[in-house]
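Now for the letters of each chain:
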Amino acid sequence: ALGTAYLISLEELIKMETDATYKKELISIYEEKKAAKSNKESPQTSQDVDKYVGEYEGGRVVWVEDNLFKYKRDEGPALILKFRASDTYKITLPSGARTNQPLPSLKFNVNPNGAVTDFLLVFDEDDLQSQGPFKKLN
C-alpha cells in the first residue's frame, strides 16, 4: 500500500510541477519506482550485467562492485546504474549525493550475437538528446 501511495503522490507532483528539469527528474523517479514495484527491475548481480562490463572509449568503465552495477568516466566518481528497460540503465548518484541537473541513461547496443558493441548516453527519455556511441574496448 505504501508503494502505491508513493506512486500516486509522485503522479500528483508531476502534474503540478512547472519546472521542466525538475519535472523530468520526477518522471524518472516515478518510472524507476513503478518498474521496481512491478518486479521488472533487474537484479544487480554480475551474472545479469556481465555482458556490459568492460572499458569503453573516452575513459569510461562499467563494472560490478558490492552487488551494484557501476559506471564512471576517467577519474570521476563511481555512479550507480539502475535498470530502466532492455539494455538501458539510468545513472543514479550514490546515497546522499545530489545534483542540480538530470542524469542520463546508458543505452547499450547489442549485436545479433548478443555481444555489446557500444553505448549511448541518453539525456532525454525520447532519445532526442544523446552522446556517443562509445565503443566497447574489452
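Residues numbered from 1 in each chain as written. Predicted model: local features only at pLDDT ≥ 70, side-chain atom pairs only at ≥ 80, totals over all residues. Heavy atoms only, no water.

**Student:** With reference to specific residues and values, describe the nonpolar core.
**Tutor:** Core analysis: the largest hydrophobic core is formed by 18 residues, its most contacted members being Tyr52, Val62, Tyr71, Leu106 and Phe108. For this core, the elements supplying multiple residues, two or more each, are strand E3 (68-73), strand E4 (79-85), strand E5 (88-92), strand E6 (105-110) and strand E7 (116-122). The contact partners of Tyr71, leaving out residues within four places of it in the chain, are Arg60, Val61, Val62, Trp63, Pro77, Ala78, Leu79, Leu81, Ile91, Leu106, Phe119 and Leu121. (Core = buried A, V, L, I, M, F, W, Y, C linked by side-chain atoms within 4.5 Å. Buried < 20%, exposed > 50% of the residue type's maximum accessible area, 1.4 Å probe, protein only. Helix = DSSP H or I, 4+ residues; strand = E, 2+ residues; numbered from the N terminus. Contact = heavy atoms within 4.5 Å.)

**Student:** Explain the packing of aromatic side chains to me, and be specific about the residues and the numbers.
**Tutor:** Any aromatic ring pair is given by two values, namely how distant the centres are and how the planes are angled relative to each other. All told, the structure shown has 12 aromatic pairs when counted by the stated rule. Ring geometry for Phe83 versus Tyr89: centroids 5.8 Å apart, planes at 75°, classification edge-to-face. Taken individually, Phe83 and Tyr89 each receive the classification buried, so the pair is uniform in this respect. Pairwise contacts between aromatic rings join Tyr52, Tyr56, Phe69, Tyr71, Phe83, Tyr89, Phe108, Phe119 and Phe134 into one cluster. Over the face of the ring belonging to Phe134 we find Arg60, whose NZ or CZ atom lies 3.7 Å from the ring centre. (Phe/Tyr/Trp six-rings, centres within 6.5 Å; stacked < 30°, edge-to-face > 60°. Lys NZ or Arg CZ within 6 Å of the ring centre and 35° of its normal.)

**Student:** Please provide a residue-by-residue account of the environment of Phe134, values included.
**Tutor:** Among the structural elements, Phe134 can be located in strand E8 (residues 130-135). Residue class for Phe134 comes out buried when judged on its relative accessible area of 12%. For Phe134, the residues in contact, after removing those within four places along its chain, are Tyr56, Glu57, Arg60, Asp118, Phe119 and Leu121.

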